[in-house]
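What follows is the residue order along each chain.
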Amino acid sequence: MTIETTKQAIAHWHNMLQSRDMTILSDLLADEVVFRSPVAFNPYPGKPVVYFILTNVIQVFENFIYHREFYSEDGNHVVLEFSANVGDKKLKGIDMIQFNNQGQIIDFEVMIRSKSGLDALALQMGQRMQAFQK
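Residues numbered from 1 in each chain as written. Predicted model: local features only at pLDDT ≥ 70, side-chain atom pairs only at ≥ 80, totals over all residues. Heavy atoms only, no water.

Visitor: Describe the packing of helix α3 (residues 47-60) against helix α4 (residues 115-133), and please don't skip the residues or the numbers.
Guide: One way to put it is that α3 packs onto α4 with a least axis distance of 10 Å and a crossing angle of 140°. Here α3 lies oblique to α4, going by the angle between them. For the element pair α3 and α4, the recorded crossing hand is right-handed. Of α4, the residues touching α3 (which contributes P48, V49, F52, I53, N56, V57, Q59 and V60) are L121, Q124, M125, R128, M129 and F132. For the contact of α3 with α4, the class distribution of residues is ten nonpolar, three polar and one charged. (Axes fitted to C-alpha atoms, helices over the stretch in contact; angles between N-to-C directions. Helix = DSSP H or I, 4+ residues; strand = E, 2+ residues; numbered from the N terminus. Parallel < 35°, antiparallel > 145°, perpendicular 65-115°, else oblique. Left-handed = near helix turned anticlockwise from the far one by under 90°. Contact = heavy atoms within 4.5 Å. Nonpolar A, V, L, I, M, F, W, Y, C, P; charged D, E, K, R; others polar.)

Laid out in C-alpha cells, this is it:
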C-alpha cells in the first residue's frame, strides 16, 4: 500500500461528503470493516452496519467541516480532525481510519469532545440504531 492509494481514497471520501453521493461509500468500505463508536464499548463489525452508521451520522451532523488530516508513514492510517453541530451543541472530533492495500476502509474509529456534543450525538444516533436493529 502506498500513501498515494490512501490519499486517493481520502479524496473519494471528501468528494462523497461534498456531493452527498453515498454510493461512493459502498466502494470505500471493505466487507470486513469495523466501526468503533465514541459512545459504544463494543465495535460494530461488517459493511452493512458501518454503511448505516456513516450515512446516518452525516445526516445528524450540521455545519460539518474537516480542518486537518494526518497520514501515517506506512500510508495505511489517516486521522481527520473535524467539527460539527448536533442541534445547538458544538463538538470537535477525529476520525481515525485504517485502509487495506486496495484503499478500502477496514477500521473506522471516532473520538469526540465535548460531553454535551457527544451526548446529543448519542441521543440522535441511538434512536436511528434502534430502528436499524429491529
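Here the narrative resumes.
Visitor: So what about the pattern of salt bridges? Which residues, and what values?
Guide: For the structure shown, the criterion picks out five salt bridges. Among the salt bridges present, the one from E81 reaches R68, with a minimum N-O distance of 2.5 Å. With a gap of 13 residues between them, E81 in strand β4 (residues 77-86) and R68 in strand β3 (residues 62-71) connect regions that are remote in the sequence. In this structure E81 comes out as buried when scored by relative accessible area, which is 11%. One connected set of salt bridges, linked through shared partners, spans R68, E81 and K92. (Salt bridge = Lys/Arg side-chain N within 4 Å of Asp/Glu carboxyl O. Buried < 20%, exposed > 50% of the residue type's maximum accessible area, 1.4 Å probe, protein only.)

Visitor: Break down the nonpolar core for me, citing the residues and quoting the values.
Guide: The biggest cluster of nonpolar side chains holds 39 residues, and the ones touching the most others in it are W13, L54, F61 and I105. Going through the elements one at a time, α1 (3-19), α2 (23-28), β1 (29-36), α3, β4, β5 (89-99), β6 (105-113) and α4 are the ones with two or more residues in this core. If sequence neighbours within four positions are ignored, L54 has contacts with W13, L25, L29, F35 and F108. (Core = buried A, V, L, I, M, F, W, Y, C linked by side-chain atoms within 4.5 Å.)

Distances and angles like these do not, on their own, reveal function.
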